[in-house]
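An overview of the molecular structure
Each chain, letter by letter, is given below.
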Amino acid sequence: MRRVTGAAACLLLLAAVPAGTLRGQATLTLAETARWLETDGTEMATSSSDTSLTNVRMVSLTSKAALQLAECRLTIIVTDNSGVSGTRTTMAVPMKEVDVTAVRVVARAEGWHDFIYIPGKYFVTIPARAPETYPFRTTTSRGEQRSYLATIPAKDQEAGAMLMAAVLRAAELCGASATPR
């Protein structure tokens, strides 16, 4: 039932975005997709503010991501203002390792705290095709870790859908397979 609900939610998110916007991404070359991610994509990769009741300080918590696609590797540099001086997380995603059937726009319920340690409500989650191999790299102030999931904050549902379309286009152009290994 959860899988059906998630698929329905994804279709509802995509229905909210003008079809021409997403179709336009399908014709971009790899260089054009990289340029879009670095400019428009980076502008859209800003979280909504988290001022829920569980946010005791009631300070506006936000995160921003800078996106760069080079040599079929997506680099996502997320900074947020939730700490005293903010935090910085860098995720390196080899696009050939992306599970294109599972890239999703997700919406966090109000006040919900989960595995995504980034403030905001809307996100694009990018899972690996073979999660047990941990092909992605996540670097924080605590060092580098291997991972199987990367996350991009999005300012709203429409931005999330457009970021998802660009990630899928980049993965397709970099040779990601739709079938698991």
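Right above here is the structure, for reference.
What this report covers is the structure whose coordinates are included nearby. (Residues numbered from 1 in each chain as written. Predicted model: local features only at pLDDT ≥ 70, side-chain atom pairs only at ≥ 80, totals over all residues. Heavy atoms only, no water.)

1. A few points about the nonpolar core
Selection rule: Here, the term nonpolar core denotes a set of buried Ala, Val, Leu, Ile, Met, Phe, Trp, Tyr and Cys residues that are joined through side-chain atoms within 4.5 Å. Relative accessibility decides the category of a residue: with a 1.4 Å probe and only protein chains considered, values under 20% of the type maximum give buried, values over 50% give exposed, and everything between is partly exposed. Numbered from the N terminus, helices here are DSSP runs of H or I no shorter than four residues, and strands are runs of E no shorter than two. Contacts are residue-level and defined by heavy atoms, with any inter-residue pair within 4.5 Å sufficient.
By size, the foremost hydrophobic cluster in this structure holds 36 residues, and its most contacted members are Leu74, Ile76, Met95, Ile126 and Ile152. Take this core: its biggest share by element is 8 residues, from helix α4 (residues 157-173). Dropping the residues within four chain positions of it, Ile152 is found in contact with Ala45, Leu67, Leu74, Ile76, Tyr122, Phe123, Val124, Ile126, Leu163 and Val167.

2. A closer look at the sheet that holds strand β5 (residues 122-127)
Adjacent strands of a sheet form backbone hydrogen bonds with each other and so pair up, either parallel or antiparallel. Condition: Strands qualify as paired when DSSP identifies two bridges or more between them. The axes are straight lines fitted to the C-alpha atoms, using for helices just the contacting stretch, and the angles between their N-to-C directions are given from 0 to 180°.
With antiparallel pairing, 3 strands are arranged side by side in an open sheet as β4-β5-β8. Pairing within the sheet leaves two strands with one partner each, and these edge strands are β4 (104-107) and β8 (149-154). Direction aside, the axes of adjacent strands within the sheet are offset by 30 degrees on average. By the bridge criterion, 4 bridges tie β4 to β5 in an arrangement that is antiparallel. Note on β5: the bridge partner recorded for Val105 is Val124.

3. Here we look at the state of the cysteines
Covalently bonding the sulfur atom of one cysteine to the sulfur atom of another cysteine gives a disulfide. What counts here: Disulfides are defined as pairs of cysteine sulfur atoms found within 2.5 Å of each other.
Applying the stated criterion across every chain yields a total of 1 disulfide. In this model, Cys72 is linked to Cys174 through a disulfide, with the two sulfur atoms separated by 2.2 Å. Between Cys72 and Cys174 the sulfur-sulfur dihedral comes to about -90 degrees; the bridge is accordingly left-handed. Note that Cys72 is positioned in the loop between β1 (63-70) and β2 (73-80) and Cys174 in the segment after α4, a separation of 102 residues in sequence. Looking at Cys72, the relative accessible area reads 24%, which means it is partly exposed.

4. Here's the deal with helix α3 (residues 30-44)
Quick note on the threshold: In this scheme, the bend at a residue equals the angle between the axes fitted to the seven residues that finish there and the seven that begin there.
Considering bend angle alone, the principal kink of α3 is centred on Leu37 and spans about 40 degrees. Thr33, Ala34, Trp36, Leu37, Gly41 and Met44 are the residues of α3 that are buried.

5. A closer look at the pairing of strand β3 (residues 87-94)
Direction of pairing for β2 relative to β3: antiparallel, over a ladder of 8 bridges. The residue of β3 that forms the bridge with Thr75 is Ala92. Looking at chain direction, β3 and strand β6 (residues 136-140) are connected through 3 bridges and run antiparallel. Bridging from a neighbouring strand, Met91 pairs with Thr138 of β6.

Limitation: the analysis is restricted to geometry and does not speak to function.
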